[in-house]
Amino acid sequence: MKRITLHYLQKLKEKGEKITCLTAYDASFAHVLDQAGIEILLVGDSLGMTVQGHDSTLPVTIENMVYHSQAVSRGSQRAFLIADMPFMSYTTPEQALQNAACLMQVGQVHMVKLEGGRWLIETIQRLTQCGIPVCGHLGLTPQSVHQLGGYRVQGRSISAAEQLRHDALALQGAGISLLVLECIPTQLAKELTQELSIPTIGIGAGKECDGQVLVLYDLLGITREKIPSFAKNFLQETDSIENAIIYFIREVKEGSFPSAEYSFS
Ligand code: KIV
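What counts and how
- Residues numbered from 1 in each chain as written.
- Predicted model: local features only at pLDDT ≥ 70, side-chain atom pairs only at ≥ 80, totals over all residues.
- Heavy atoms only, no water.
- Helix = DSSP H or I, 4+ residues; strand = E, 2+ residues; numbered from the N terminus.
- Rg over C-alpha atoms; globule rule 2.2 N^0.38 Å.
- Contact = heavy atoms within 4.5 Å.
- Areas by Shrake-Rupley, 256 points an atom, 1.4 Å probe, with all protein chains shown as cover.
- Near = heavy atom within 4 Å.
- Polar contact = N/O pair within 3.5 Å; in protein donor to acceptor, adjacent residues only side chain to side chain.
- Axes fitted to C-alpha atoms, helices over the stretch in contact; angles between N-to-C directions.
- Parallel < 35°, antiparallel > 145°, perpendicular 65-115°, else oblique.
- Left-handed = near helix turned anticlockwise from the far one by under 90°.
- Nonpolar A, V, L, I, M, F, W, Y, C, P; charged D, E, K, R; others polar.
- Phe/Tyr/Trp six-rings, centres within 6.5 Å; stacked < 30°, edge-to-face > 60°.
- Buried < 20%, exposed > 50% of the residue type's maximum accessible area, 1.4 Å probe, protein only.
- Lys NZ or Arg CZ within 6 Å of the ring centre and 35° of its normal.
- Arc of directions from axis to C-beta.

Draft legend 1. Expanded view of the overall build of the protein. Secondary structure assignment for the protein yields eleven helices and eight strands. Over its C-alpha atoms the protein spans a radius of gyration of 17 Å, differing by no more than 12% from the 18 Å that the globule rule assigns to 265 residues. Projected onto the principal axes, the alpha-carbon positions of the protein cover approximately 45 × 40 × 40 Å. A separation threshold of at least 6 residues defines the contact pool for the protein, and within that pool the share at least 24 residues apart is 63%. Counting every atom, the protein has about 11300 Å² of accessible surface; 52% of that belongs to carbon and sulfur.

Okay, here's the thing in structure tokens:
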């Protein structure tokens, strides 16, 4: 089975074919998602909440991320693998380089994801110069939950939307190859997706992004609290995990997920 590459994902954007991405934290689920045809597996630091039971992603360590990345890597043969750099693991370019190298060499992922805007330019340049592909993450950045004042929709005012646009273009200029947009209005995500040459992957960002990502446990309705309003429990419509994932792929590819019900205006 041939491994999906960044080049392939870029081609999907150019062809207008939607990209599918789900979080994975262990080998068994990685195998199921891989077999179903998910193109990107994200070892998200959301594992701090879904697996470890914390109320935010802040306690997650680089050791945790490496451990789960190794498991996901062992379980998958085809998907492109991204791992989150956890909170406080990329405060300087050199610290980021050391930790990203660990995720790539020991965790065996293909790309790292960093949350934040222009302050990351030097870090992104350093990582990409060393051959480490970088995914950006803008909008609702959960590692900044306390600074943002909670898990809230971002980019709603004209000035906030402008800041986001500047950040997105600056990150692309610095060298990111993918951009996650979380919890922003559909129209803003649409404009950013059109302005950027790299693929955008949305979560709570409407259906105009180049691809969609969900936290796997939300898609399966496994949560201690209410699932976020932008997430859909696909297992409710069927009787197997495999089918729930296939329904997610189908609805993303045909552009019916996320509908307005799962989006913000
Ligand atoms: O950690 C995570 O699961 C994420 C997604 C929500 C995009 O960053």
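Draft legend 2. A look at the site of the ligand. Taken together, Thr23, Leu42, Gly44, Asp45, Ser46, Asp84, Lys113, His137, Glu182, Ile203 and Val215 are the residues near the ligand. Asp45 has a polar side-chain atom sitting 3.1 Å from an oxygen atom of the ligand. Within the contact set of the ligand, an oxygen atom lies 3.0 Å away from a side-chain nitrogen or oxygen of Asp84. For the ligand, whose accessible area on its own is 260 Å², the fraction buried by protein is 96%.

Draft legend 3. Summary view of the packing of helix α4 (residues 62-75) against helix α5 (residues 93-105). Their axes nearest at 9 Å, the elements α4 and α5 cross at an angle of 20°. Regarding the angle of α4 to α5, the classification is roughly parallel. Handedness of the α4/α5 crossing: right-handed. The residues of α5 that touch α4, namely those facing Ile62, Met65, Val66 and Ser69, are Asn99, Cys102 and Leu103. Of the residues belonging to the contact of α4 with α5, the class tally is five nonpolar, two polar and no charged.

Draft legend 4. Spatial organisation of the packing of aromatic side chains. Within the structure shown, the criterion is met by eight aromatic pairs. Ring geometry for Phe234 versus Phe248: centroids 5.7 Å apart, planes at 85°, classification edge-to-face. A residue pair is termed long-range when its members are at least 10 positions apart, and Phe234 in the loop between α10 (216-219) and α11 (241-253) and Phe248 in helix α11 qualify at 14 residues. By the burial criterion, Phe234 is buried, and Phe248 matches it. Taking 5.6 Å as the distance between ring centres and 50° as the angle between the ring planes, the aromatic pair formed by Phe257 and Tyr262 counts as tilted. According to the relative accessible area criterion, Tyr262 is buried, its value standing at 16%. Here the guanidinium or amino end of Arg250 rests over the ring plane of Tyr247, the centre of that ring lying 4.8 Å away.

Draft legend 5. Quick look at helix α6 (residues 121-129). Within α6, the full set of buried residues consists of Thr123, Ile124 and Leu127. An end-on view of α6 places all buried positions within 95° of arc, on one side of the element. Away from its buried face by more than 90 degrees, α6 exposes Glu122 and Gln129. Tucked into the core, α6 has its buried residues touching α5, β4 (111-115), β5 (134-139) and α8 (158-174). One or two residues past the end of α6 sits Gly131, with phi positive at roughly 90°.

Draft legend 6. Up close: the environment of Gln95. Relative to the elements of secondary structure, Gln95 occurs in helix α5. With 28 residues separating them in the primary sequence, Gln95 and Thr123 have C-alpha atoms 9.1 Å apart. Ignoring any residue separated from it by four or fewer positions in sequence, one finds Gln95 in contact with Met88, Ser89 and Tyr90.

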